[in-house]
Amino acid sequence: MSETAKPYVLVVEDEAPLVTLLRYNLEKSGFRVDEAGDGGEALARINEAMPDIVLLDWMLPTMSGIEVCRQLRRKPSTRHLPVIMITARAEDQDTVRGLETGADDYITKPFSPEALIARIRALLRRSGTVPAKSPLVFHDLELDPATHRVTRGGRLLHLGPTEFRLLEFFMRHPRRVFSREDVLNAVWGRDIHVEPRTVDVHIRRLRKSINTATDIDLVRTVRAAGYALDLDPVEA
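Residues numbered from 1 in each chain as written. Predicted model: local features only at pLDDT ≥ 70, side-chain atom pairs only at ≥ 80, totals over all residues. Heavy atoms only, no water.

Overview of unusual backbone geometry
A cis amide bond, omega -10 degrees, links Lys109 with the succeeding residue Pro110. For Pro110, the position within the fold is in the loop between β5 (105–108) and α5 (113–127). The phi angle at Thr62 is positive, at roughly 70 degrees, despite the residue not being glycine. By the element assignment, Thr62 lies in the loop between β3 (53–57) and α3 (65–74). Of the residues examined, Thr62 reaches a relative accessible area of 77% and is grouped as exposed. Positive phi, close to 55 degrees, is recorded for His139, a residue that is not glycine. Locating His139 in the fold gives a position in the loop between β6 (136–138) and β7 (141–144). (Helix = DSSP H or I, 4+ residues; strand = E, 2+ residues; numbered from the N terminus. Buried < 20%, exposed > 50% of the residue type's maximum accessible area, 1.4 Å probe, protein only.)

Here it is, written out as C-alpha cells:
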C-alpha cells in the first residue's frame, strides 16, 4: 500500500509521550500520521492537507480542543470531518459537551491503543472518508489510484512504484511547493532514512516517465525551495 493510500490521521495533542505512543500504534496498524501540538497548528495543517480523521485533545495550549472542533464544524469543507476527542475529563457533562460541540466520538485517558484504533476504523467505515479512489487529474495527466494506471493525453505511462507514489502525492497537492524533506516524509515516511538527494533522482525519473520532447514539463523546480506540480516554466 502506498503512503498516500493509507488513511491519514492528524493527532492534535501536546503531551509528547502520548503522541509518540499514538504514532507508533497507528503507523503499525497501517495509518499515515501527522501531529499538531496546539489548536492553531491543527487548523493550519488541516487547511494544508485534509486528514481522514482527527484525534483531538480537549486541553490544548492557546486554543482548546472544544474551540478547534467548533471551528471545524462551522466550515463547509470540514463540517463532516471525523473527530474523536481524547481527554482526561471523564464526567458525563464533559462527554455531552464534547459530543454536542461536534465530536463524533469521545474517549477518556487512559485508554487502550487497540480500543482507540478499533473506534477509528469503525468511524472511518461509517463516514466513508477513507481516501478517495477516484482518478486524480492535472492538466492532461490522469492517475487512477485504484488501478495504478497513469495516462497523459490518453497515452498510457509506465512508472515505477516510487515514481507512482511521488506523482500521486503531487497530484493530491497541485501547485504547492514542497521541500525535499516534505517529499521524503510524505512518500518514503518519517522513519525511513533516505538521503534528500534521492528525491532529485526520482524527480528526474518521474520527468522522464511523464514527458516527451513535445510535452510541457509539469514538474517545476523552485530554486532553494523544492518542487511543485505546476504549469509554470521550470527554473534552472
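So much for the structure itself; the text now carries on.
Digging into the sheet that holds strand β9 (residues 155–157)
Hydrogen bonds between backbone groups are what pair the strands of a sheet, and the pairing can be parallel or antiparallel. On the basis of which strands lie adjacent, the open sheet formed by four strands has the order β6-β7-β8-β9 and antiparallel pairing. Unpaired on one side and paired on the other, β6 and β9 mark the two borders of the sheet. Each strand axis lies, on average, 25 degrees off the axis of its neighbour in the sheet, ignoring direction. Its contacts with the sheet put helix α6 (residues 161–172) on β6, β7 and β8 (149–152), and the angle it makes with β7 is roughly 110 degrees. (Pairing = 2+ DSSP bridges. Axes fitted to C-alpha atoms, helices over the stretch in contact; angles between N-to-C directions. Contact = heavy atoms within 4.5 Å.)

Concerning the packing of helix α2 (residues 39–48) against α3
In the contact formed by α2 and α3, the axes pass within 9 Å of each other and the chain directions differ by 25 degrees. In terms of orientation, α2 and α3 fall into the roughly parallel class. You can see that α2 and α3 cross each other, and the crossing is right-handed. Note on element contacts: α3 touches α2 through Val68, Gln71 and Leu72, opposite Gly39, Leu43 and Ile46. Its residues placed into classes, the contact of α2 with α3 shows four nonpolar, two polar and no charged. (Parallel < 35°, antiparallel > 145°, perpendicular 65-115°, else oblique. Left-handed = near helix turned anticlockwise from the far one by under 90°. Nonpolar A, V, L, I, M, F, W, Y, C, P; charged D, E, K, R; others polar.)

Concerning the nonpolar core
Membership of the largest hydrophobic core comes to 27 residues, with the highest contact counts inside it found for Leu141, Val150, Leu167, Phe170, Met171, Val183 and Ile210. At the level of secondary structure, the elements contributing two or more residues to this core comprise β6, β7, α6, α7 (180–188), α8 (197–210) and β11 (226–229). When residues in this core are grouped by element, the largest group, six residues, is from α6. With sequence-adjacent residues up to four places away left out, Leu141 is seen in contact with Leu136, Val150, Thr151, Arg152, Leu157, Leu167, Met171, Ile210 and Leu218. Within the second largest apolar cluster, 22 residues are counted, among which are Ala42, Val68, Val83 and Ala103. (Core = buried A, V, L, I, M, F, W, Y, C linked by side-chain atoms within 4.5 Å.)

Re the pattern of salt bridges
Pairing between side chains becomes possible if they bear opposite charge and their charged atoms approach one another. In this structure the tally under the stated criterion is 18 salt bridges. With a closest N to O distance of 2.9 Å, Glu35 and Arg23 form a salt bridge. Placement of Glu35 in strand β2 (residues 32–36) and of Arg23 in helix α1 (residues 16–28) is noted, with a sequence separation of twelve residues between them. The class for Glu35 is partly exposed, based on a relative accessible area of 32%. The residue Arg45 makes a salt bridge to Asp34 at a minimum N-O spacing of 3.1 Å. Here Arg45 is found in helix α2, whereas its partner Asp34 is found in strand β2, with eleven residues between them in sequence. A single network of salt bridges, built from pairs that share partners, joins Glu13, Glu15, Asp57 and Lys109. (Salt bridge = Lys/Arg side-chain N within 4 Å of Asp/Glu carboxyl O.)

Considering the environment of Pro113
Within the secondary structure layout, Pro113 lies in helix α5. Considering only alpha carbons, one finds Pro113 and Leu26, 87 residues apart in sequence, at a separation of 8.4 Å. If we skip the residues at most four places from it in the chain, Pro113 touches Leu21 and Asn25.

Let's talk about the packing of α6 against α8
Between α6 and α8, the shortest axis-to-axis distance is 10 Å and the interhelical angle comes to 85 degrees. In terms of their interaxial angle, α6 and α8 are classed as roughly perpendicular. Along its contact with α6, which presents Thr162, Glu163, Leu166, Leu167 and Phe170, the element α8 presents His202, Ile203, Arg205, Leu206 and Ile210. Class assignment of the residues belonging to the contact of α6 with α8 gives a composition of six nonpolar, two polar and two charged.

Let's talk about the sheet that holds strand β1 (residues 8–12)
If you walk across this open sheet you meet the five strands as β2-β1-β3-β4-β5, and the pairing is parallel. Every interior strand has two partners, whereas the edge strands, β2 and β5, have only one. Recorded for the sheet is a direction-independent mean angle of 20 degrees between the axes of neighbouring strands. Pairing geometry for β1 and β3, over four bridges, is parallel. Note on β3: the bridge partner recorded for Leu10 is Val54.

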